[in-house]
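If you want the building blocks of each chain, they are given just below.
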Amino acid sequence: MEFPKIALGAWAWGNDGTFGSRLDPVVLKEVFDTAMDNGLNLWDTAYAYGMGESEKVLAGFLKGLPRDSYIVSDKFTPQCVDASWKDPVKEMTGMQLSLMDLDRFDIYWIHNTSGAPGWTRKVAEHYDGRKDAPLIGVSNHNLAEIKEADRILREHGLELSAVQNHYSLINRSSESSGILQYCKNNGIAFFSYMVLEQGALSGKYDSKNPMPEGSARAKTYNPLMDKLEVLNAKLSEIASSHGVSTAQIPISWAISKETLPIIGVTSRKQVEDAVKAMNVRLTQEEIASMESLAEGLGINAVRMWEKEMRRGGRRARG
């Protein structure tokens, strides 16, 4: 399966309060159409994003399109399992496929390590020997958990095809822990999410213009705006030298690190920025200067649902 250089995330489409006010479906349809017109056809969603709302919105836009014209990336989220389900993986995937009016996923992720490695084994058992098995990935896993997941999948005739972790200029723990190198060595695609830190590295927000109060991201990033302003100033400087906007630089950086960034899109301009970012060629000096500055600022961007990826981290219990 050939992936585009960038995947587009539909987390905000779930309107779950993380990003602030509700989004207009008419605007989102314009976002979707602009992306597809530019060859960005890999869509990342999850039932957890609004308890099915993101999936339903995306499904409405995909309806009627040739099945081979788009790639759907969805997730098994342990926390969304109904305690009454006798076969949770079958029930969850069946519910998601029904919501999206699909007969298969292209990529299916184990969303986090809650109950790992038990859920990995159940997903592997579910898809063992099936011709409609999607590529299997794991998200928010450390290196030891990634290796364990791959071993379990191989016991069932499958393999680990992708890893999806939080990775940005202010959270490079998947690099320092050896995860990126492991993925490169084993032909595993690394999807980097929150490359723009939910807009904090886009140049859109600063101390005088903080993120919308009441949103989950505001609680995390608004107290850090003084440090983020310093980093965004450097990003803006580099962006200016390439004739692009600030938001395009973190995306280009993620591509230069041989990862596949997932960019959350809620406006046509964000899609257009993503398209332009694919054509920016950063120099090694520019990359080093951004990374050095970001590291020196010491910003902690680890969110409540995740953990810092440390080299030699213990596997999850379960």
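Definitions and cut-offs
Per chain, the residues get numbers from 1 upward, laid out in the order the sequence is written. Residues qualify for local features only when their pLDDT is at least 70, as the model is predicted, and side-chain atom pairs are given and counted only at 80 or more; totals for whole chains, interfaces and linings, by contrast, use all residues. Excluded from the side-chain calculations are hydrogens and water; all other atoms, namely the structure's heavy atoms, are used. At least two bridges found by DSSP between two strands is the condition for calling them paired. Strands here are runs of E lasting at least two residues and helices are runs of H or I lasting at least four, both read from the DSSP assignment and numbered beginning at the N terminus. Lines fitted to C-alpha atoms define the axes, with helix axes restricted to the stretch in contact, and inter-axis angles between N-to-C directions lie between 0 and 180 degrees. The contact definition used throughout considers only heavy atoms, calling two residues in contact when any of these lie within 4.5 Å. Put plainly, a pocket is an open set of points on a 1 Å grid over the protein atoms alone with protein on both sides within 12 Å along at least five of seven lines, a cavity is a set where a 1.4 Å probe fits but cannot get out, and a lining residue has an atom within 4 Å of a point. Grid points are joined across faces, edges and corners, and a volume is the space filled by probe spheres set on the points. Here the nonpolar group is Ala, Val, Leu, Ile, Met, Phe, Trp, Tyr, Cys and Pro; Asp, Glu, Lys and Arg are the charged ones; every other residue, Gly included, is treated as polar. The buried label goes to any residue with under 20% of its type's maximum accessible area, the exposed label to any with over 50%, and the partly exposed label to all in between, with areas taken from a 1.4 Å probe on protein chains only. By definition here, a salt bridge exists when the distance from a side-chain nitrogen of Lys or Arg to a carboxyl oxygen of Asp or Glu is within 4 Å. The span one expects for a helix is its residue count, reduced by one, times 1.5 Å. Residues adjacent in sequence count toward polar contacts only when both atoms are side-chain atoms; beyond that, a polar contact is any pair of N or O atoms within 3.5 Å, and within protein one must be able to donate a hydrogen and the other to accept it.

## Section: the sheet that holds strand 4 (residues 107-110)
Here's step 1: A barrel is described by the order of its strands in space; here eight strands give the closed sequence 1-2-3-4-5-6-7-8, paired in parallel fashion. Shown here is a sheet whose adjacent strand axes are inclined to one another by a mean of 25°, direction ignored.
Here's step 2: With four bridges joining them, strand 4 and strand 5 (residues 135-139) adopt parallel strand pairing. When the bridges of strand 5 are listed, Tyr 108 appears paired with Ile 136.
Here's step 3: Each of strand 3 (71-76), strand 4 and strand 5 touches helix 4 (residues 118-127); the most contacted strand, strand 4, lies at about 155° to it.

## Digging into the layout of surface pockets
Here's step 1: The volume enclosed by the second largest pocket comes to roughly 270 Å³.
Here's step 2: Surrounding the second largest pocket, 14 residues form its lining, Ile 170, Asn 171, Arg 172, Ser 173 and Ile 299 being those nearest its centre.
Here's step 3: Looking at the lining of the second largest pocket residue by residue, the classes come out as six nonpolar, four polar and four charged.

## Some words on the environment of Ile 287
Here's step 1: Along the chain, the position of Ile 287 falls in helix 12 (residues 284-297).
Here's step 2: Under the relative-accessibility criterion, Ile 287 is labelled buried at 6%.
Here's step 3: Through-space distance from the C-alpha of Ile 287 to that of Glu 2 is 27 Å; in sequence the pair is 285 residues apart.
Here's step 4: Beyond its immediate chain neighbours, meaning those up to four positions away, Ile 287 contacts Trp 253, Ser 256 and Leu 282.

## Concerning the pattern of salt bridges
Here's step 1: Inspection of every chain in the model, using the stated rule, returns 17 salt bridges.
Here's step 2: Two residues, Arg 268 and Glu 272, come together in a salt bridge whose shortest N-O distance is 3.3 Å. With Arg 268 and Glu 272 both in helix 11 (residues 268-277), this residue pair falls four residues apart, about one helical turn.
Here's step 3: When its relative accessible area of 41% is taken as the criterion, Arg 268 is described as partly exposed.

## Quick look at helix 1 (residues 25-37)
Here's step 1: For helix 1, built from 13 residues, the straight-helix expectation of 18 Å at 1.5 Å per residue is met to within 8% by its first-to-last C-alpha distance of 18 Å.
Here's step 2: Those residues of helix 1 that fall on the buried side of the exposure criterion are Leu 28, Val 31, Phe 32, Thr 34, Ala 35 and Met 36.
Here's step 3: Those residues of helix 1 that are buried are in contact with strand 1 (7-9), strand 2 (42-44), helix 2 (53-62) and helix 11.
Here's step 4: At the N-terminal boundary of helix 1, the capping side chain belongs to Asp 24, with an oxygen 2.9 Å from the backbone nitrogen of Val 26.
Here's step 5: The positive-phi residue at the C-terminal boundary of helix 1 is Gly 39, with phi of around 80°.

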